Amino acid sequence: MAPTDSEASNPVLIEGHRPVTPPDGVATWDVDPFDEAILSYPRDFYRELRAQGPFAWIPRYACLMCGRHQETEEVFSDHTRFVSSRGVGLQDFKLEKPWRPPSMLLEADPPEHTRARKVMTRALSPRVVKGLREYFRTEADKLIDRLIDVESFDVVTELAEVFPTTVVPAAIGLKENNPEFLVAYGAMVFDTVGPDNEIRRRAMAKAPDVVPWITQACTREQLLDDYIGADVHDAVTTGELNENEAAMLVRSLFSAGLDTTIAAISSAVWCLGTHPDAFAALRQDQGLAKACFEEVLRFTSPVHTFCRTANVDTEVAGIRIEADTKVICSLAAANLDEEKWPDASSFKIDRKPIGHLAFGSGIHRCVGQTIARAEVEAILTALATRVGAIEITGPATWRPSNAINGLATLPVRLTRQ
Ligand code: OVV
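Remember, it's a predicted structure, so these values are computed and weren't measured experimentally. (Residues numbered from 1 in each chain as written. Predicted model: local features only at pLDDT ≥ 70, side-chain atom pairs only at ≥ 80, totals over all residues. Heavy atoms only, no water.)

**Q** Would you mind going over the site of the ligand with me for this structure?
**A** Neighbouring residues of the ligand: Arg 100, Ser 103, Leu 106, Val 189, Phe 190, Ser 252, Ser 255 and Ala 256. Ser 103 places a side-chain nitrogen or oxygen 2.6 Å from an oxygen atom of the ligand. Within the side chain of Ser 255, an N or O atom sits 3.5 Å from an oxygen atom of the ligand. Burial of the ligand by the protein amounts to 85% of the accessible area it has alone, namely 290 Å². Of all the secondary structure elements, the ones that give two or more residues to the shell around the ligand are α8 (179-191) and α12 (243-257). For the shell around the ligand, the leading source of residues is α12, giving 3 residues. A per-class count over the shell around the ligand returns 4 nonpolar, 3 polar and 1 charged. (Near = heavy atom within 4 Å. Polar contact = N/O pair within 3.5 Å; in protein donor to acceptor, adjacent residues only side chain to side chain. Areas by Shrake-Rupley, 256 points an atom, 1.4 Å probe, with all protein chains shown as cover. Helix = DSSP H or I, 4+ residues; strand = E, 2+ residues; numbered from the N terminus. Nonpolar A, V, L, I, M, F, W, Y, C, P; charged D, E, K, R; others polar.)

**Q** Please explain the sheet that holds strand β5 (residues 153-154) as it appears in this structure.
**A** The strands making up a sheet associate through backbone hydrogen bonding, with each pair oriented either parallel or antiparallel. Judged by pairing direction, the sheet is antiparallel, and its 3 strands sit side by side in the order β5-β13-β10 without closing on themselves. Strands at the two margins of the open sheet, each flanked by one partner only, are β5 and β10 (387-392). (Pairing = 2+ DSSP bridges.)

**Q** How should the packing of aromatic side chains be read in this particular structure?
**A** Any two aromatic rings considered together are summarised by their centre-to-centre distance and by the angle between their planes. Counted under the stated rule, the structure contains 12 aromatic pairs. Ring centres of Trp 270 and Trp 398 lie 4.9 Å apart, and the angle between their planes is 90 degrees; this geometry places the pair in the edge-to-face category. On the criterion of sequence distance, the pair formed by Trp 270 in helix α13 (residues 259-274) and Trp 398 in strand β11 (residues 397-399) is long-range, its members being 128 residues apart. As far as the burial class goes, Trp 270 and Trp 398 line up, both buried. Through a chain of ring-to-ring contacts, the aromatic side chains of Trp 270, Phe 299, Phe 347 and Trp 398 assemble into a single cluster. Here the basic side chain of Arg 43 rests over the ring of Phe 299, its NZ or CZ set 4.4 Å away from the ring centre. Above the ring of Trp 341, the side-chain terminus of Lys 340 is found at 5.4 Å from the ring centroid. (Phe/Tyr/Trp six-rings, centres within 6.5 Å; stacked < 30°, edge-to-face > 60°. Buried < 20%, exposed > 50% of the residue type's maximum accessible area, 1.4 Å probe, protein only. Lys NZ or Arg CZ within 6 Å of the ring centre and 35° of its normal.)

**Q** Can you help me understand the environment of Gly 67 in this one?
**A** Looking at where Gly 67 falls in the secondary structure, it is placed in the loop between β3 (63-66) and α3 (69-77). Sequence separation between Gly 67 and Thr 21 is 46 residues; the distance between their C-alpha atoms is 20 Å. When near neighbours in sequence (up to four residues on either side) are disregarded, Gly 67 contacts Leu 49, Arg 50, Thr 72, Ser 330, Ala 333 and Ala 334. (Contact = heavy atoms within 4.5 Å.)

**Q** In this structure, what is going on with the side chain of Asp 141? I would like to understand it.
**A** With respect to the secondary-structure elements, Asp 141 resides in helix α5 (residues 126-147). Discounting residues that sit within four places of it in the chain, Asp 141 has contacts with Ala 382 and Arg 386.

**Q** How do you make sense of helix α14 (residues 276-284) when you look at a structure like this?
**A** Counting along an α-helix, one turn takes 3.6 residues, and residues three or four places apart therefore face a common direction. For α14, the full list of buried residues reads Ala 278, Phe 279 and Leu 282. An end-on view of α14 places all buried positions within 100 degrees of arc, on one side of the element. The outward face of α14, more than 90 degrees from its buried face, is lined by the exposed residues Pro 276, Asp 277 and Gln 284. Buried residues along α14 sit in contact with α13, α15 (289-300), α17 (369-386) and β10. (Arc of directions from axis to C-beta.)

**Q** Explain the pattern of salt bridges to me, please; I cannot follow it from the model alone.
**A** Side chains that differ in sign of charge can pair as their charged atoms come close. A complete count under the given rule lists 26 salt bridges for this structure. For the salt bridge of Arg 202 with Glu 36, the shortest nitrogen-to-oxygen distance reads 2.9 Å. One end of the pair, Arg 202, is in helix α9 (residues 198-204); the other, Glu 36, is in helix α1 (residues 36-40), with 166 residues separating them in the sequence. For Glu 36, a relative accessible area of 32% corresponds to the partly exposed category. Each of Glu 74, Asp 78 and Arg 81 takes part in a single network of salt bridges with overlapping partners. (Salt bridge = Lys/Arg side-chain N within 4 Å of Asp/Glu carboxyl O.)

**Q** How should the packing of helix α7 (residues 162-172) against α13 be read in this particular structure?
**A** Helix packing geometry: the angle between the two helix axes and the distance between the axes. Direction vectors running N to C along α7 and α13 enclose 140 degrees, while the axes themselves pass 8 Å from each other. The angle between α7 and α13 falls in the class oblique. Where α7 crosses over α13, the handedness of that crossing is right-handed. Facing Phe 163, Pro 164 and Thr 165 of α7, the residues of α13 in contact are Thr 261, Ile 262 and Ile 265. Class assignment of the residues belonging to the contact of α7 with α13 gives a composition of 4 nonpolar, 2 polar and no charged. (Axes fitted to C-alpha atoms, helices over the stretch in contact; angles between N-to-C directions. Parallel < 35°, antiparallel > 145°, perpendicular 65-115°, else oblique. Left-handed = near helix turned anticlockwise from the far one by under 90°.)

Here it is, written out as structure tokens:
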């Protein structure tokens, strides 16, 4: 995968008017960032991406790509120059119809974004999350107790998928849960960030079954009174949203709240299983759970990639960027940038990596991060108080996804302490 100036092999036709030549001073890199082989083991690719310069030109998608911390943060957080309303995947919503009505949060700019974000911030307020903490702790303890001393089990299917798909729909107040459909929907949301590849088509194959179910699940009738979903719908009563908009915001909870935490929990167990010293430190001091999760986020980046679209002619790091240019932001590459994090490729439980981009940055910064933290910290605390050793009993495999960095399988044995 050496850098090359050769023309793109097998370029994808770009409709509309996206710029099709690289800006001056940017190297053309004929690579497919969404190739399954790269997605399954991306670390070498990230290093090469950062070595290209502040940006690389990816000819097959006619996009810029960045993976150094500084420029990735600049592009990702400046919502005035680099908008989200044209989609956060390769598709430009100005040129092509999105697969679903755009999210009022993820795929919106101010002032629409501001209005939706205000409702969501209130529905996920510190008071709400505080009320969930004990429930998360109890459920995490029960789940880990059930898995301790099992000969060997798959962390992904038996722990990481089970926990969020149980506690998140319960917190939202969903009357009829369907964990399988929620996981399948998450795959659609995140795999549509990428091109029309096999990964995306595999996820979208389930759309005819799953999308109507999700649409139903977001309506007020499917949500219990006094839970987060109903709180979002209360914004209809206050006149802040119409009914359709409220349902769309509940859809954001399902879209953003499952796949991400599933990846984070399995990656957390993987980090601790592969770093027994870190797990010993966590067992010694459960106060490390918070710092541990931050380092898991930096080290594994549950969302590895989102895009932005330049809405004006601008300049970043001395590079002219033409209006209408898509920029692929590798959050995962930025989180492993040696310039920002000394010894970046080492997992250090007490690093406290302030400024990592795993939750994004700027006005779109994860609005659900307190819930995500409460979930993962509940699991980490349950492990620290109940488990003596995390033994990885077979090969860990990674699931190629166009935007999620997560494990496919992780066989482990948890021994009682
Ligand atoms: C952050 C995020 C990820 C995926 C989906 C959404 C948000 C959404 O709002 O639909």
